[in-house]
Amino acid sequence: MTGRARQLTRSTVIVLAIGVLTVGAFLIGQGSAAKIDQVTTATPPPKATDLWRVKQTTVGRTLHFTGTLQRPIIDAPNTAAQGVVTSVNVNPSRTITDGTVLLTVDLQPVVAGQGPIPAFRTLAKGVKGQDVVQLRTFLCRLGILNSCTGRTFDDTLEQAVRTWHLSHGQEPVASISPGEILWFPMLPHRLTPASGFTRGTQVSPGQKVLSMVGKDVSLEVNVTRDQAALIPTAAKVHLGSTTGVVAKTESVGEDQMRMIITDPVTGKPLCSATTVCSKILGTATKLPQDVTIDVVPQASGLAVPVKALQSSADGATYVIDALGKHHSVTVTTQAAGMAFCKGLTAGMEIRTDEQPQ
């Protein structure tokens, strides 16, 4: 082989080697690209399961309001006295009985007496009628008179009237004027001065000067309409040591609702079914009082989110743990999105995103 032939042969080998290397590099690059594409387009890994660790759980929500405990104020009989009020001797904490001095008018006592007939005339010797019987009975109850029957104003009654006047530091007058005794159908009572009535007031016959304090106590709780929307019917209401329920709400104004609160057993108004209200109120006629309402019932125990509960074809309730195992449970109560169950164990990890199986 000539020198030139050998040179051509070496050139040809070099060219072929370069070509082989080029083709190999191309094929290797294609293989790498294929791997990259395969990784890039692979399906993403599944989302981790949502788990709830079972633990002792307490839920509930309460709202606090200021309610009012109060006794009704009832009109007392009107006075028959005339003049200027020189003293007032009544207050809601004092119990009025037969013979109690209520007030003075022109320094003359006005006394409470039990009887159904209002004073309408002067009672003096010789007058007859049921109002005389009423006066006689009154003086007998006070121990001033022993002769307790008869419709006529006689000598014995006249003497008793004189004695009665003397017992009040008055002149021993033998008659009773209409303004001296304010007759109540029933005693004892607790009284309070009527609105605007005070010492120095000018009074005249037929005027209202006193009011009676009723015995029944009521609880009044007013809320806005927005607040009422948060309070379910039968929500528990806590007042001191007693508990009632919201029976209903009623409108008392454009944006005011009144809750009707009853005893959960009898269904009667709460304060008429318990002595707690009277004890709290004492001798007052009205008193603000803190009231707590359970808008979400209080519950405590082992619980899972309600969404973790599953139901089988036969209606049984179960939950699924982290390993996919089913656990039968019995729901005792639900509140605030939580289910309190029997059959749970503290520390269990329960799936909350599982589809029913």
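Small disclaimer: the values here were computed from a predicted structure and weren't measured.

J.: Requested: an account of the pattern of salt bridges, with residues and values cited.
T.: The full count for this structure, using the stated rule, is seven salt bridges. A salt bridge links Asp98 to Arg141, with the nearest nitrogen and oxygen atoms 2.3 Å apart. A residue pair is termed long-range when its members are at least 10 positions apart, and Asp98 in the loop between strand 5 (95-96) and strand 6 (101-105) and Arg141 in helix 2 (residues 130-141) qualify at 43 residues. A residue is classified by how much of its surface remains accessible, and Arg141, at 40% relative accessible area, is partly exposed.

J.: Break down the side chain of Thr262 for me, citing the residues and quoting the values.
T.: Tracing the backbone shows Thr262 in strand 15 (residues 256-262). Ignoring anything within four residues of it in the chain, the contact list for Thr262 reads Gly244, Val245, Ala247, Gly267, Lys268, Pro269 and Leu270.

J.: An account of the packing of helix 2 against helix 3 (residues 155-167) is requested, with residue identities and associated values reported.
T.: It is the contact of helix 2 with helix 3, at a shortest axis distance of 11 Å, that shows an interaxial angle of 55°. When the axis of helix 2 is compared with that of helix 3, the two are oblique. Of the two possible hands of crossing, helix 2 and helix 3 adopt the one that is left-handed. On the side of helix 2, the interface is formed by Val132, Leu135, Arg136, Phe138 and Leu139, while helix 3 contributes Thr156, Leu157, Ala160, Val161 and Trp164. Each residue belonging to the contact of helix 2 with helix 3 can be placed in one class, and the counts come to eight nonpolar, one polar and one charged.

J.: Explain the sheet that holds strand 18 (residues 317-320) residue by residue, including any values.
T.: The strand order across the open sheet built from three strands is 17-18-19, with neighbouring strands paired in antiparallel fashion. Every other strand in the sheet has two partners, leaving strand 17 (310-311) and strand 19 (326-328) as the edge strands with one partner each. Across three bridges, the pairing between strand 18 and strand 19 is antiparallel. If you follow Tyr318 over to strand 19, its bridge partner there is Ser328.

The rules we used
- Residues numbered from 1 in each chain as written.
- Predicted model: local features only at pLDDT ≥ 70, side-chain atom pairs only at ≥ 80, totals over all residues.
- Heavy atoms only, no water.
- Salt bridge = Lys/Arg side-chain N within 4 Å of Asp/Glu carboxyl O.
- Helix = DSSP H or I, 4+ residues; strand = E, 2+ residues; numbered from the N terminus.
- Buried < 20%, exposed > 50% of the residue type's maximum accessible area, 1.4 Å probe, protein only.
- Contact = heavy atoms within 4.5 Å.
- Axes fitted to C-alpha atoms, helices over the stretch in contact; angles between N-to-C directions.
- Parallel < 35°, antiparallel > 145°, perpendicular 65-115°, else oblique.
- Left-handed = near helix turned anticlockwise from the far one by under 90°.
- Nonpolar A, V, L, I, M, F, W, Y, C, P; charged D, E, K, R; others polar.
- Pairing = 2+ DSSP bridges.

Nothing here speaks to function; it is all geometry.
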